[in-house]
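# Analysis of the macromolecular model
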Amino acid sequence: MSISVSPLRRPSAIRTATPVGHPTSNRSRMNVLEIIRWARDEGIALRVSGDRLEADDIAPPDLLAALRAQQALIVEFLNAAGEHPRRKVWPVAVSGYRFFLIGPWMSRTQALALLRWRWSDAELLD
């Protein structure tokens, strides 16, 4: 399955997404993360190729409708996730001491915010 996508016209589109109903839940609103999770639960891997959203299998009709309704936002979200890799271990330096920050998957920005919360002079070593 391949879905063509037109470029987004406003950067705040993720916050203003049109809600889509999930057929198996009581919630009447779904965001982009819930749609991506729904596709994963169905065993469908989503990929971005240029400005197109591609899936490795045929999606059920309800999921396909949700993907089409939110395709531009899903492409934007998946592109952003690829640009900001996440790690579980980050090398750190604080006052001359070197150690590793180990925790859940987090981006560089999240790791730096966590370090600065505890140590104001902490630096991430790449």
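Bear in mind that the values here come from a model prediction, so they are computed numbers and not experimental data. (Residues numbered from 1 in each chain as written. Predicted model: local features only at pLDDT ≥ 70, side-chain atom pairs only at ≥ 80, totals over all residues. Heavy atoms only, no water.)

## Concerning the nonpolar core
Worth spelling out the cut-off: Nonpolar cores are built from buried Ala, Val, Leu, Ile, Met, Phe, Trp, Tyr and Cys residues. Side-chain atoms within 4.5 Å join them into one set. Classification of residues uses two cut-offs on accessible area relative to the type maximum, computed with a 1.4 Å probe and protein chains only: under 20% is buried, over 50% is exposed, and between them is partly exposed. Numbering of helices and strands starts at the N terminus; helices are DSSP runs of H or I of at least 4 residues and strands are runs of E of at least 2. Should any heavy atoms of two residues lie within 4.5 Å, those residues are considered in contact.
Counting 18 residues, the largest nonpolar core has Ile 35, Ile 44, Leu 46, Leu 63, Leu 67 and Ile 74 as the members making the most contacts within it. Among the elements that line this core, the one with the most residues is helix α1 (residues 32-41), at five residues. Once residues lying within four places of it in the same chain are set aside, the contact partners of Leu 46 are Ile 36, Ala 39, Leu 53, Glu 54, Ala 55, Leu 67, Ile 74 and Leu 78. By size, the runner-up hydrophobic cluster in this structure holds nine residues, among which are Val 92, Val 94, Leu 101 and Leu 124.

## Brief notes about the sheet that holds strand β5 (residues 97-106)
Defined as follows: At least two DSSP bridges between two strands are required for those strands to pair. Think of each axis as a best-fit line through the C-alpha atoms, taken over the contacting stretch in the case of a helix, with angles from 0 to 180 degrees between the N-to-C directions.
Spatial strand order, β5-β4-β6: three strands in an open sheet with antiparallel pairing. Edge positions in the open sheet fall to β5 and β6 (123-124), since each of these has one partner strand only. Note: strand β4 (residues 87-94) against β5, seven bridges, orientation antiparallel. Each bridged residue has a counterpart across the sheet, and for Arg 87 the counterpart in β5 is Met 106. Sheet strands touched by helix α4 (residues 108-118): β4, β5 and β6. Its angle to β5, the strand with the most contacts, is close to 125°.

## What about the packing of aromatic side chains?
The description of an aromatic ring pair rests on the distance of the ring centres and on the angle between the ring planes. Worth spelling out the cut-off: Put simply, two rings from Phe, Tyr or Trp (the six-membered ring, in Trp's case) pair if the centres are within 6.5 Å, and we call them stacked under 30 degrees between planes, edge-to-face over 60, tilted for the rest.
Evaluation of the coordinates by the stated rule reveals one aromatic pair. Taking 5.5 Å as the distance between ring centres and 65° as the angle between the ring planes, the aromatic pair formed by Phe 99 and Trp 119 counts as edge-to-face. On the criterion of sequence distance, the pair formed by Phe 99 in strand β5 and Trp 119 in the loop between α4 and β6 is long-range, its members being 20 residues apart.

## Examining the pairing of strand β2 (residues 46-49)
As judged from the four bridges shared by β2 and strand β3 (residues 52-55), these two strands associate in the antiparallel manner. Considered in β3, the bridge of Arg 47 is made with Glu 54. With antiparallel pairing between neighbouring strands as the criterion, β2 and β3 make up a hairpin whose turn holds two residues, including Gly 50 at a positive phi of roughly 70°.

## Describing the confidence of the model for the protein chain
For clarity, the cut-off: Residue-level confidence of the predictor, termed pLDDT, takes values from 0 up to 100.
Here the protein chain shows a mean pLDDT of 78. Residues at 70 or above account for 76%. In the predicted structure, residues 4-22 sits below a pLDDT of 50 and forms 38 contacts with residues beyond four places in sequence or in another chain.

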